[in-house]
Amino acid sequence: MPDNSWLPIPKENIIKERFAKTKPIMTPSEAVVESSRCIFCHDAPCINACPTSIDIPMFIRQIMTKNTTGAAKTIFTQNILGKSCGQVCPTSVLCEGACVYHDLNEKPIDIGRLQAYATESAIDKNIRFFEKGKSTGKKVAIIGAGPAGIACAHELTVLGHEVTIFEANKKPGGLNTYGVAPYKFSNEDASKELKYISEIGFKIKTNSPVKEVKKLEKEFDAIFIGTGLGSSRKINIPGENLKGVFGATEFIHNLRAKELKVSVGKNVIVIGGGNTAIDAAVESSLLGANVTIIYRRSEKEQSAYNFEVEHAKKHNVKFMYLTSPVEILGKGNITGVKCIRNKLKKSEIIPQKGSEFVVSCDMLIKASGQKKMVEFFNSISKIKLGNGKIIVNKDFQTTNPKYFAGGDCINGGKEVVNAVANGRDAAHGIDKFLIKNKRK
Amino acid sequence: MANLETNFAGIKSPNPFWLASAPPTNTGYQIMNAFRAGWGGAVWKTLGTPIVNVSSRYSAVSYKNNKLMGLNNIELITDRSLEVNLKEIKEVKEKFPKNALIISMMFETKEEWHDCIIRCEDLGVDGFELNYGCPHGMCERGMGSAVGQNPEVCERITSWVTEKATKPVIVKLTPNVTDISKPALAAQRGGANAVSLINTINSVTGINLTTMEPNPTVAGQSSHGGYCGPAVKPIALNMLAELTNNPNFKLPISGIGGIETWQDATEFFLMGATSVQVCTAVMHYGFRIVTDLISGVSNYLDLNNMKHVTDLKGIAAKKLRKWEELDLNYKVIAHIDPEKCISCQLCYIACEDGAHQSIALLPDSRIPIIKEDTCVGCNLCSLVCPVESCISMVEVKTKKKKLVWANHPANPAHI
Ligand SMILES: Cc1cc2nc3c(=O)[nH]c(=O)nc-3n(C[C@H](O)[C@H](O)[C@H](O)COP(=O)(O)OP(=O)(O)OC[C@H]3O[C@@H](n4cnc5c(N)ncnc54)[C@H](O)[C@@H]3O)c2cc1C
Ligand SMILES: Cc1cc2nc3c(=O)[nH]c(=O)nc-3n(C[C@H](O)[C@H](O)[C@H](O)COP(=O)(O)O)c2cc1C
Ligand code: SF4
Ligand code: SF4
Ligand code: SF4
């Protein structure tokens, strides 16, 4: 790669400053002021908007009365990953989006940051609320140590089952460790949270990709699949193999694995309209790049949340709408991308012949979705898929009764909090399956 | 986890948090929901000869953005028949045998008191509370606070009840007296097993400036009512301390008045209460606030390495002394943390216009400076400062021995 088109890795202190938390942990006085604004609604809309149904007014009241320990317990009882959710949940479309303060045209309660405040306090002091349940003698294997797998493992351990998680990566945590934006949730946050949760007593075997399930089936009484999604999708245009072309999830994985110490091109193009495109763009910009997002439809259609788009704009990310890449240019290294303008007829994209133009760049990040792990799922007998997603019943049981599943692999890619809710509820499904409704 | 089980004058309950006799305890339906939510006990809405209530009944004091800082009511005792109440009492006691169920009563004649006691004891209730506290409506009929305000009557009626009742008898005191120990000691002489305090305080919460009618209004007119809620807590705590510290008063006390959070409840225990009762906070937020009362007090006990909630009893009351016993040589002065200060200068103007002119402003800084030589250590600046722990009151070591008023040179009686 020509040296002048590739940026040096910023100095450690500069990285720290640029990647500072967008939602920092509250100070005690902030927490008291904010919590005393909550009016303690009955049948609170915020609770109904939380996929894990945390008793939000109760934990906020407990923060107000300086019963921070009680607040943490209220949160963890419903959501053992309450800390990461407090920091990474798109709260403005979940709990905070439902807060009654919107009806008064006032700022909603800052639920996410209050949640992070209370849970961090308990994690830092290692105040523990749950213990291993009385042994049932049953063994459960979990494939994938992402939010779904971790939540499932914790709940199963409380219920008394012996749990082993098999994780392909070097570190557990799934996308909390290798995916979400580090200015929301850092490597340190992830490892502290995982240590706190796993001390209850389940095993995590890292560097252990499951390729073959026969052995697991023999050794374990039930298996939970929490494998998430696969690698970034191809965009199927010429030049995709040139140097300087990356998949978004791989780029971000590398960024987090290397603790943000990575080099990016001076001019970066990101292809896609979702939240992952935004994350990759903002991260590149924070590393010093000049970033443009190219999206084939218009601003209205992009799936990224409004607040994420605003966040990208604040970081000088430019948007080029109604544009598709048709060819990646370069010899060995990428030098640019040839694009075409589109028009929309209802939802149909109509490329405008003759509108082709070239944008030069030093790096291109493809963020047009992730593949599903169809091959792996098909290697397990009798598991049915729909659109590449594993089909489950209300107990999160697959069509093969020994297997349960939850998280991105059943919903096609939602949020951390959905994965946690699935993992937790699947644990109860597994419990029911293993001890045949014998619990009272 | 710390133990919250309570034995109040022989009345056992899983925790010391009870509902006060008031609208939240109107019906068996409500009390059963409260027990399900975690309340340890409940005092049934006062039984008596049926009355009729007005509409509307409540008014409140809001402070800035906070609703119900104080609540006022012109409601009377139960407006449902004795038969209906007794039927529901039976059902509650059968379904929740472990929770404390105490029956509040207010009657005129000895026969009426006795009749109700017998019928309630047959249903297995855990105790009685005598309502001598209602400040409106009932006292005009010679009941309620009319009894609470007259020690002799209080003693006589209490003895009517205690001669019949086999279950513990609690006398509920009205705060509308000049000396709370008089009715409390009268209740003790009458044979009561415990007292509870406070009932509501005589009040008029405000006037509607459009109609010029006092609140709450009933067809254009109003009546004075009974005040309760967070605003009355300081009054209740003081009366509680007076009884706790009275060497002649020996009975356990159930603390009532403005309790909303576990911190409030803890303060009542520290002032000598064995159980606490809550009304307004439940009328505001519902039964579920008990979750934080339980978890907050347990965590506080754990934090202080205490095993049982009774370990808290009276610790702070011992530290509440006569003014004459305080050390006149002790001195604190204010200290401003310039890192925390937001330069609002509220402390400055409070001290300048309202206290001792001991805070200065310098020409090129917005952060005020304490004049340490004139600061008397009154606390005012630290009370008005909007930033938590920005102004602290720091002790000035004087090496002087403790000096009380009796020995002070300025005391004319001192030789
Ligand atoms: C870039 C990006 C940013 C995101 N930002 C946010 C955000 O800000 N907020 C939010 O709420 N959500 C965000 N999400 C979504 C969120 O991360 C996911 O919804 C969530 O992590 C799903 O959890 P999961 O447990 O189902 O899967 P994952 O987190 O993907 O975890 C799956 C785990 O399984 C392992 N695995 C897979 N196959 C095998 C195998 N065969 N053997 C062993 N282990 C295996 C993987 O290595 C991985 O660790 C983001 C996603 C991405 C891609
Ligand atoms: C609407 C209302 C009705 C009440 N009725 C009774 C009653 O019937 N008997 C009684 O002993 N006290 C009654 N009280 C007083 C309460 O039991 C309690 O002593 C008082 O409200 C102080 O507690 P709080 O500050 O928690 O509300 C009533 C209070 C209110 C607000
Ligand atoms: S909706 Fe808003 S105000 Fe109501 S309980 Fe939830 S956070 Fe509090
Ligand atoms: S609170 Fe209920 S009873 Fe009272 S006025 Fe409102 S609706 Fe009527
Ligand atoms: S009141 Fe507090 S914050 Fe305001 S100027 Fe004084 S010390 Fe500073």
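The number of helices and strands found in chain A is 18 helices and 16 strands. Radius of gyration (C-alpha) of chain A: 23 Å, near the 22 Å computed for a compact globule of 440 residues. In terms of principal-axis extent, the alpha carbons of chain A reach across some 70 × 55 × 45 Å. With 440 residues in all, chain A has 55% of them scored as buried. Sequence-distant contacts, at least 24 apart, represent 70% of the contacts inside chain A between residues at least 6 apart. In the structure as shown, chain A presents an accessible area of about 19,900 Å², 52% of it carried by carbon and sulfur atoms. When the 64 positive and 44 negative side-chain charges of chain A are each reduced to one mean point, those points stand 4 Å apart.

Below, the discussion takes up the pairing of strand β7 (residues 100-105) of chain B. Every other side chain in a regular strand lies on the same face of the sheet, so the side chains alternate between the two faces. All names here are of chain B. In terms of residue burial, β7 counts as a mostly covered element, since six of its six residues are buried. Going residue by residue along β7, you find Ala100, Ile102 and Ser104 tucked away on one face and Leu101, Ile103 and Met105 tucked away on the opposite face as well. Here strand β4 (residues 41-47) runs beside β7; their pairing, made up of five bridges, is parallel. Opposite Leu47, over in β7, you have Met105 as the bridge partner. Pairing of β7 with strand β8 (residues 127-131), which is carried by four bridges, proceeds in the parallel orientation. Among the inter-strand pairings, Ile103 is bridged to a residue of β8, identified as Phe128.

Turning next to the domain arrangement of chain B. Parsing chain B into structural domains produces domain 1 (6-319) and domain 2 (323-414). Placing a centre on the C-alpha atoms of domain 1 of chain B and another on those of domain 2 of chain B gives a separation of 40 Å.

The linkage connecting B:Leu197 with the following residue, B:Ile198, adopts the cis geometry, with an omega of 10 degrees. Topologically, B:Ile198 is positioned in the loop between β10 (194-197) and β11 (201-203). Cis peptide bonds are those with omega within 30 degrees of zero, and the linkage from B:Asn215 to B:Pro216 qualifies with -10 degrees. Examined against the element boundaries, B:Pro216 turns out to sit in the loop between β13 (213-214) and β14 (225-228). Backbone geometry places A:Asn126, a non-glycine residue, at a positive phi of 50 degrees. Position of A:Asn126 relative to the elements: it lies in the loop between α8 (111-124) and β1 (139-143). For A:Asn126, a relative accessible area of 36% gives the class partly exposed. The backbone phi angle of A:Leu260 is positive, close to 75 degrees, even though this residue is not glycine. Take A:Leu260: it is sitting in the loop between α13 (248-257) and β6 (267-271).

This paragraph deals with the domain arrangement of chain A. Residue and element names in this part refer to chain A. Considered domain by domain, chain A is made up of domain 1 (19-124), domain 2 (139-230 + 371-435) and domain 3 (245-366). Summarising the inter-unit geometry, the C-alpha centres of domain 1 and domain 2 are found 26 Å apart. Of the residues lining the interface, 23 residues belong to domain 1; the matching set on domain 2 comes to 23 residues. Both faces considered, domain 1 and domain 2 share a buried interface measuring about 2,100 Å² in area, 68% of it formed by carbon and sulfur atoms. It is Ile80, Leu81 and Val88 that lose the most area in domain 1 upon contact with domain 2, and together they represent 28% of the buried surface on that side. Our enumeration of links across domain 1 and domain 2 arrives at three salt bridges. Asp189 is the partner of Lys21 in a salt bridge, and the nearest nitrogen-oxygen pair spans 2.7 Å. Counting across the interface, domain 1 meets domain 2 through seven residue pairs in polar contact (both at pLDDT 80 or more).

Next up on the list: the interface of chain B and chain A. Each partner contributes residues to the interface: chain B has 13 residues there, and chain A has 14 residues. Summed over both partners, the interface of chain B with chain A comes to about 1,200 Å²; 48% of that surface belongs to carbon and sulfur atoms. The three residues of chain B that bury the most area against chain A are B:Arg288, B:Asp292 and B:Glu388, which together make up 44% of that side's buried surface. For the pair chain B and chain A, the interface holds two salt bridges. The salt bridge involving A:Lys66 is made with B:Glu388; its shortest N-O contact spans 3.7 Å. Viewed at the interface, chain A and chain B are joined by ten residue pairs in polar contact (both at pLDDT 80 or more). Top contributing element to the side of chain B that touches chain A by residue count: helix α10 (residues 290-303) of chain B, with five residues. The residue makeup of the side of chain B that touches chain A, split by class, is three nonpolar, six polar and four charged.

To continue, consider the nonpolar core. Among the nonpolar cores identified, the biggest contains 84 residues, and B:Phe17, B:Trp39 and B:Ile103 are the most heavily contacted of them. The element contributing the most residues to this core is helix α7 (residues 233-244) of chain B, with six residues. Apart from the residues within four sequence positions on either side, B:Ile103 is in contact with B:Trp44, B:Leu47, B:Ile89, B:Cys120, B:Val125, B:Gly127, B:Phe128 and B:Glu129. Listed in part, the 60 residues of the second largest apolar core include A:Ala72, A:Cys85, A:Val213 and A:Ala405.

What follows is about the packing of helix α2 (residues 82-95) of chain B against helix α3 (residues 110-122) of chain B. Residue and element names in this part refer to chain B. At their nearest, the axes of α2 and α3 sit 10 Å apart, and the two run at 25 degrees to each other. Considering the angle they form, α2 stands roughly parallel to α3. Remark: the crossing between α2 and α3 carries right-handed chirality. The residues of α3 that touch α2, namely those facing Leu82, Glu83 and Leu86, are Cys116, Arg119 and Cys120. Class assignment for the residues of the contact of α2 with α3 results in four nonpolar, no polar and two charged.

Any two side chains of opposite charge can pair, given that their charged atoms come close. Residue and element names in this part refer to chain A. In the structure shown here, the tally under the stated rule is 32 salt bridges over all chains. Here Lys366 and Glu240 are joined by a salt bridge, their closest N and O atoms 3.0 Å apart. Highlighted residues: Lys366 in strand β13 (residues 363-366) and Glu240 in the loop between β4 (222-225) and β5 (245-247), separated in sequence by 126 residues. Salt bridges here are not isolated pairs; linked through shared partners, they connect Lys21, Lys83, Glu120 and Asp189.

The next subject is the sheet that holds strand β6 (residues 66-73) of chain B. All names here are of chain B. Spatial ordering of the open sheet is given by β5-β6-β14-β11, a layout of four strands whose pairing is antiparallel. The sheet is open, and its two edges are formed by β5 (58-63) and β11, each paired on a single side. For this sheet the average axis-to-axis angle between neighbouring strands, irrespective of direction, equals 45 degrees. Of the strand pairs in this sheet, β5 and β6 are connected by five bridges, and their pairing is antiparallel. Within β6, the residue paired with Tyr63 across the bridge is Asn66.

The pLDDT averaged across chain B works out to 95; a share of 97% of its residues lies at or above 70. The complex prediction reports pTM at 0.91, with the ipTM value standing at 0.85.

A contiguous patch of positive charge on the surface is contributed by A:Lys132, A:Lys203, A:Lys205 and A:Lys215. Mapping A:Lys215 onto the fold places it in helix α12 (residues 214-219).

All right, on to the packing of aromatic side chains then. Working definition: an aromatic ring pair is given by the centre-to-centre distance plus the angle between the planes. Counted according to the given criterion, the structure contains 15 aromatic pairs over all chains. Centroid distance B:Phe17 to B:Phe269: 6.3 Å. Interplanar angle 50 degrees. Geometry classified as tilted. In this pair, B:Phe17 is assigned in strand β3 (residues 17-19) and B:Phe269 in helix α8 (residues 262-270), connecting sequence segments 252 residues apart. Assigned by exposure class, B:Phe17 and B:Phe269 land together as buried. Within the aromatic cluster, the residues linked to one another by ring pairs are A:Phe76, A:Phe129, A:Phe130 and A:Tyr196. If you follow A:Arg61 out to its NZ or CZ, it ends over the ring of A:Phe40, 4.9 Å from the centre. Here the basic side chain of A:Arg61 rests over the ring of B:Tyr285, its NZ or CZ set 4.6 Å away from the ring centre.

What counts, and where the lines are drawn
Residues numbered from 1 in each chain as written. Chains lettered and ligands numbered in written order. Predicted model: local features only at pLDDT ≥ 70, side-chain atom pairs only at ≥ 80, totals over all residues. Heavy atoms only, no water. Helix = DSSP H or I, 4+ residues; strand = E, 2+ residues; numbered from the N terminus. Rg over C-alpha atoms; globule rule 2.2 N^0.38 Å. Buried < 20%, exposed > 50% of the residue type's maximum accessible area, 1.4 Å probe, protein only. Contact = heavy atoms within 4.5 Å. Areas by Shrake-Rupley, 256 points an atom, 1.4 Å probe, with all protein chains shown as cover. Lys, Arg positive; Asp, Glu negative; His and termini not counted. Charge placed at Lys NZ, Arg CZ, Asp CG, Glu CD. Pairing = 2+ DSSP bridges. Domains from an automatic or database assignment. Buried area = accessible area lost by both parts, 1.4 Å probe. Salt bridge = Lys/Arg side-chain N within 4 Å of Asp/Glu carboxyl O. Polar contact = N/O pair within 3.5 Å; in protein donor to acceptor, adjacent residues only side chain to side chain. Nonpolar A, V, L, I, M, F, W, Y, C, P; charged D, E, K, R; others polar. Core = buried A, V, L, I, M, F, W, Y, C linked by side-chain atoms within 4.5 Å. Axes fitted to C-alpha atoms, helices over the stretch in contact; angles between N-to-C directions. Parallel < 35°, antiparallel > 145°, perpendicular 65-115°, else oblique. Left-handed = near helix turned anticlockwise from the far one by under 90°. pLDDT = per-residue confidence, 0-100. Patch = residues over 30% accessible without salt bridge, like charges linked within 9 Å, V, L, I, M, F, W, Y side chains within 5 Å. Phe/Tyr/Trp six-rings, centres within 6.5 Å; stacked < 30°, edge-to-face > 60°. Lys NZ or Arg CZ within 6 Å of the ring centre and 35° of its normal.

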